Amino acid sequence: MARYLITGIAGFIGSTLAHALVEQGHEVRGIDNLSTGSLDNLADIRHAISFEQTDLQDVAGMKAACEGVDFVLHQGALASVPRSVKDPLGSHQSNINGTLNLLIAARDAKVRRIVYAASSSAYGDQPTQPKQEDMPPLPLSPYAVQKLTCEYYIQSFYRAYGLEGICLRYFNIFGPHQAADSPYSGVIAQFTYKMMAGDTPTIFGDGLTSRDFNYVDNAVSANLLACAAPSAVATGRVFNIGTGKSQTLNDVYAAIAGELGFREKPKYGPPREGDIRHSLANIERATAELGYRPKVGFHDGLRKTIAWYVAEHEKKAATTIEG
Ligand SMILES: NC(=O)c1ccc[n+]([C@@H]2O[C@H](COP(=O)([O-])OP(=O)(O)OC[C@H]3O[C@@H](n4cnc5c(N)ncnc54)[C@H](O)[C@@H]3O)[C@@H](O)[C@H]2O)c1
């Protein structure tokens, strides 16, 4: 049994990680400022974890959170390209200043290892597909710059202070608990939510934009493998966490519409600022060095995700009727 700190524990990926670790009998501590996350995501394991509502930038808060911890799974961030375009300073403060503050606390508390939720947005408009970790990054949005900067901080904290670190460059992660009702939500969550409400989702661009959509359980397994990996791997190295396959937005729309029996054709809008055209992961490095294999494929993951949204929708409808 090990002691884990999950930052951003009330968010989509953080809360999924927390469930997996609690199930495996580990001690889980979490912090979140609840800016985009919700304690509803932790309701069924709230008794089994310790939680503090703290901001990553809070010096005393991060010091207390890191005390006695073996592994930090750093998920906390304002995780959105459009939000960073709208408010670059606010997302810089959360994402870069917050991460630096956490790293200092982790170093001082002699944490064994930090596993960082990096982002495929670091590749930006690199024309070559699939994306490989050695390619020079070309971040487009403030968010991408922030996520990449934190990789460099993880690497410098290994070199300067010997703090072990692994950067997992997530490609588009989807699954249950992903927030669906905000303009910054992931596209699968948003399309599903809209279609369930009988509204026609808008595809930004021509629908041929493509992404490597990866079910959240695969990201969870990557984090667990990163904690177990030998120290020689934990020198700030970067690993793509995707599936090695991509889907266009038109494909995604059709797959969700098919599952939900939704018949309307998509609406199309202008492409979004800072968005990249294609994104596909080469996952050979993660497979060879971490033993990572995406076990849940796109269509299986999509079915599980939609089933969860439908169940949540029905629960809410039942509560409204009762109330
Ligand atoms: N979801 C994806 O497809 C994806 C892709 C690449 C990288 N990532 C990264 O994975 C991580 C988790 O993303 P997610 O999809 O679960 O997003 P999310 O918004 O559901 O979770 C992020 C959590 O961090 C919390 N948070 C934000 N700023 C904070 C701060 N300053 N202090 C404390 N808590 C703060 C939020 O309240 C939220 O609960 C993020 O770091 C994100 O950049 C996600």
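Enquirer: Honestly, the overall build of the protein chain in this entry has me stumped. Any pointers?
Expert: Helix and strand counts for the protein chain come out as ten helices and 13 strands. Taken against the 2.2 N^0.38 rule, which gives 20 Å for 323 residues, the C-alpha radius of gyration of the protein chain at 19 Å falls within 12% of a compact globule. Seen through its principal axes, the protein chain has C-alpha atoms that stretch 55 × 50 × 35 Å. For the protein chain, buried positions account for 49% of its 323 residues.

Enquirer: How should I be thinking about the site of the ligand in this particular structure?
Expert: Close to the ligand lie 30 residues, the nearest being Gly8, Gly11, Gly37, Ala77 and Ala117. Those elements that provide at least two residues to the shell around the ligand are helix 1 (12–23), helix 4 (88–108), strand 5 (113–119) and strand 7 (172–174). Of all the elements, helix 1 adds the most residues to the shell around the ligand, at three residues. Its residues assigned to classes, the shell around the ligand comprises twelve nonpolar, 15 polar and three charged.

Enquirer: Can you walk me through the nonpolar core in this structure?
Expert: A general trend in soluble globular proteins is that nonpolar side chains are found buried together. Core analysis: the biggest nonpolar cluster contains 90 residues, and Tyr116 and Leu168 have the highest contact counts within it. In contact with Leu168, other than residues within four places in its own chain, are Val115, Tyr116, Ala117, Ala118, Ala222, Asn223, Ala226, Phe239 and Ile241.

What counts and how
Residues numbered from 1 in each chain as written. Predicted model: local features only at pLDDT ≥ 70, side-chain atom pairs only at ≥ 80, totals over all residues. Helix = DSSP H or I, 4+ residues; strand = E, 2+ residues; numbered from the N terminus. Rg over C-alpha atoms; globule rule 2.2 N^0.38 Å. Buried ≥ 20, exposed ≤ 12 C-beta atoms within 10 Å, placed from the backbone. Near = placed C-beta within 6 Å. Nonpolar A, V, L, I, M, F, W, Y, C, P; charged D, E, K, R; others polar. Core = buried A, V, L, I, M, F, W, Y, C linked by C-beta atoms within 7 Å. Contact = placed C-beta atoms within 7 Å.

In short, geometric facts, not functional conclusions.
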